[in-house]
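One letter stands for each residue in the lines below.
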Amino acid sequence: MIVMELNEIFNDAESINVYNVGEKTSYSAGEDKYNTILSGWNDMLSEARLMPAFGVSINRETVKDLQNGRWVEFEFDCEREAEGMPFEKLLIKVDASYYGFNVIRYNSKTGYDGRCYYYDLVNKNMSGFNEILGNL
């Protein structure tokens, strides 16, 4: 298991999966589109604050929700840990109007069940990042 600060972990993703109305497209580290997504993600988080999350994810609900809207998922080559919580993937619902969002953890034993992280974008919303994903 690799332990890191959450905002640094995204840069180590082996691949980035983009879900658009349930259709998954994967981009591997080093690909131009992977780099475009990661650059937009880091720009969006440049002044964001990690906050305590109030919610938890329920696997069956999250899997069902993946069929609607746009999502981005960071997938790692081994288990990672941040803030004392382990994961193998991190999933985020992308909506242009969101000023903050949950980061849902995935583990092969429990799926998307469990506590989340939460980012406050501090006077920004996800519109720019949403646009990047829509133009891939």
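For the structure, see preceding data.
This one's a predicted model, so the numbers in the text were calculated from it and none came from an experiment.

Colleague: Which residues make up the packing of aromatic side chains, and what values do they have?
Modeller: By the definition in use, this model includes nine aromatic pairs. Through a chain of ring-to-ring contacts, the aromatic side chains of Phe-10, Trp-41, Phe-74, Phe-101, Tyr-119 and Phe-129 assemble into a single cluster. Note that Lys-89 overlies the ring of Tyr-106, its terminal NZ or CZ placed 4.6 Å from the centroid.

Colleague: Report on helix H4 (residues 127-134), specifying residues and quantitative values.
Modeller: Because each turn of an α-helix spans 3.6 residues, side chains separated by three or four positions in sequence point in the same direction. Burial in H4 covers these residues: Phe-129, Asn-130 and Leu-133. Taken around the axis of H4, the buried residues stretch over an arc of 100 degrees, which confines them to a single face.

Colleague: Describe the pattern of salt bridges, and please don't skip the residues or the numbers.
Modeller: Under the counting rule described, the total for this entry stands at five salt bridges. A salt bridge links Arg-60 to Glu-61, with the nearest nitrogen and oxygen atoms 4.0 Å apart. You can call Glu-61 partly exposed: its relative accessible area is 32%. In this structure, Asp-77 and Arg-80 form a salt bridge, with 2.8 Å as the shortest nitrogen-oxygen distance. Under the relative-accessibility criterion, Arg-80 is labelled buried at 4%. If you follow the salt bridges from partner to partner, you end up with Asp-12, Asp-77 and Arg-80 in one network.

Analysis parameters
Residues numbered from 1 in each chain as written. Predicted model: local features only at pLDDT ≥ 70, side-chain atom pairs only at ≥ 80, totals over all residues. Heavy atoms only, no water. Phe/Tyr/Trp six-rings, centres within 6.5 Å; stacked < 30°, edge-to-face > 60°. Lys NZ or Arg CZ within 6 Å of the ring centre and 35° of its normal. Buried < 20%, exposed > 50% of the residue type's maximum accessible area, 1.4 Å probe, protein only. Helix = DSSP H or I, 4+ residues; strand = E, 2+ residues; numbered from the N terminus. Arc of directions from axis to C-beta. Salt bridge = Lys/Arg side-chain N within 4 Å of Asp/Glu carboxyl O.

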